[in-house]
Amino acid sequence: MDFAGLTLGELVQLLTLIYTALLILGAIPKAIAGIQALKDRLRSKKDE
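So, how was this worked out
- Residues numbered from 1 in each chain as written.
- Predicted model: local features only at pLDDT ≥ 70, side-chain atom pairs only at ≥ 80, totals over all residues.
- Heavy atoms only, no water.
- Helix = DSSP H or I, 4+ residues; strand = E, 2+ residues; numbered from the N terminus.
- Buried < 20%, exposed > 50% of the residue type's maximum accessible area, 1.4 Å probe, protein only.
- Areas by Shrake-Rupley, 256 points an atom, 1.4 Å probe, with all protein chains shown as cover.
- Lys, Arg positive; Asp, Glu negative; His and termini not counted.
- Charge placed at Lys NZ, Arg CZ, Asp CG, Glu CD.
- Expected span 1.5 Å × (residues − 1).
- Bend = angle between axes of the 7 residues up to and from the residue.
- UniProt positions renumbered as here; feature names shortened; annotations may be inferred.

1. Quick notes on the overall build of the protein
A count of helices and strands for the protein gives 1 helix and 2 strands. Helices and strands appear in the protein in the N-to-C order β-β-α. A principal-axis box enclosing the C-alpha atoms of the protein has dimensions of 65 × 10 × 10 Å. Per-residue burial for the protein yields a buried fraction of 2% across its 48 residues. Only carbon and sulfur atoms are counted for the fraction: they give 69% of the accessible area of the protein, which is about 4600 Å². Between the averaged position of the 6 positive side-chain charges in the protein and that of its 5 negative side-chain charges there is a distance of 14 Å.

Structural data, given as structure tokens:
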């Protein structure tokens with residue numbers, strides 16, 4: 001079974017790669033916020 005010149009296995013791999021990339025891109029803002037919160041916590045303890 002071919003779709004646009006790709007076998008079914010290749011199509012599944014491509015869609016999985018796209019899905020994984022979207023998940024990673026969605027997680028980046030949360031990771032940045034977590035790092036910022038950690039920095040703020042360390043700074044507040046340093047000021048005490």
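2. Points about helix α1 (residues 8–47)
Between its first and last C-alpha, α1 extends 59 Å over 40 residues, near the 58 Å set by a 1.5 Å rise per residue. At I28, α1 shows its largest kink, close to 30 degrees, and the proline P29 lies no more than four residues downstream.

3. Things to note about the UniProt feature "transmembrane region" (unreviewed entry) in the protein
With numbering aligned to this structure, UniProt lists the feature "transmembrane region" (unreviewed entry) at residues 12–38. The span residues 12–38 is 100% helix and 0% strand, and its two end C-alpha atoms sit 38 Å from each other.

4. Quick word on the environment of K30
Mapped onto the fold, K30 is located in helix α1. Given the relative accessible area of 68%, K30 is considered exposed.

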